[in-house]
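Chain and residue survey
Letter by letter, the chains look like this.
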Amino acid sequence: MGGERSAFDRAMPVFECIGPHFHHMGPSGSGNGIKLVNQLIVTSYFAAFMEGVALADRLEIPVEKTLEILGTSYADQPSMCRRFDNILKNDFSPPNRLNSSLEEITLVCELAAELDFGAAIAEATADSYRRAEAQGFGENDLVSLRAMYETTKYGSK
């Protein structure tokens, strides 16, 4: 959270009732900044992971084997591993709607532009999410990126 340290310290008893992890990030706006940094990493990770699964599909590697290997490699990440069943079943029901993540990665791109910061990964991620939304996956979970990659020019046969 950003803002005056004294205000953060006074509010800590309330924060502790909500959850275990709170950090004072600095001046006002810093909390939003770190949230956008987190969203850049998470949305990019999901896009890369699902593109990798779609590429493995193209290589005719069974999705079960792909997930088994990725789940025990450096690509392993808890929020993705919790979705392995959804990936196997092509179950796109949310916990995380793609269009919400698109809004967040768009904010990252806007912030980067304001700062004159070249955010090539954020831009590529936003492009993938826009393509998926245009194909009707906006209300679906992020695992629906796999279907988008399989049906776009990047994945079409």
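Refer to the structure presented above.
Conventions and cut-offs
- Residues numbered from 1 in each chain as written.
- Predicted model: local features only at pLDDT ≥ 70, side-chain atom pairs only at ≥ 80, totals over all residues.
- Heavy atoms only, no water.
- Helix = DSSP H or I, 4+ residues; strand = E, 2+ residues; numbered from the N terminus.
- Buried < 20%, exposed > 50% of the residue type's maximum accessible area, 1.4 Å probe, protein only.
- Contact = heavy atoms within 4.5 Å.
- Salt bridge = Lys/Arg side-chain N within 4 Å of Asp/Glu carboxyl O.

Note that Pro-95 resides in the loop between α5 (84-89) and α6 (98-114). On the basis of relative accessibility, which here comes to 61%, the residue Pro-95 falls in the exposed class. Separated by twelve residues in the primary sequence, Pro-95 and Arg-83 have C-alpha atoms spaced 9.8 Å apart. Not counting residues within four places of it along the chain, the set of residues in contact with Pro-95 comprises Arg-83 and Asp-141.

Scanning the entire structure with this criterion turns up eight salt bridges. As a salt-bridge pair, Arg-83 and Asp-141 come within 2.8 Å of each other at their nearest N and O atoms. Of this pair, Arg-83 sits in the loop between α4 (78-81) and α5 while Asp-141 sits in the loop between α7 (120-137) and α8 (145-151), and the two are 58 residues apart along the sequence. Neither residue differs from the other here; Arg-83 and Asp-141 are each classed as buried. Residue Glu-139 pairs with Arg-97 through a salt bridge whose shortest N-O separation is 3.5 Å.

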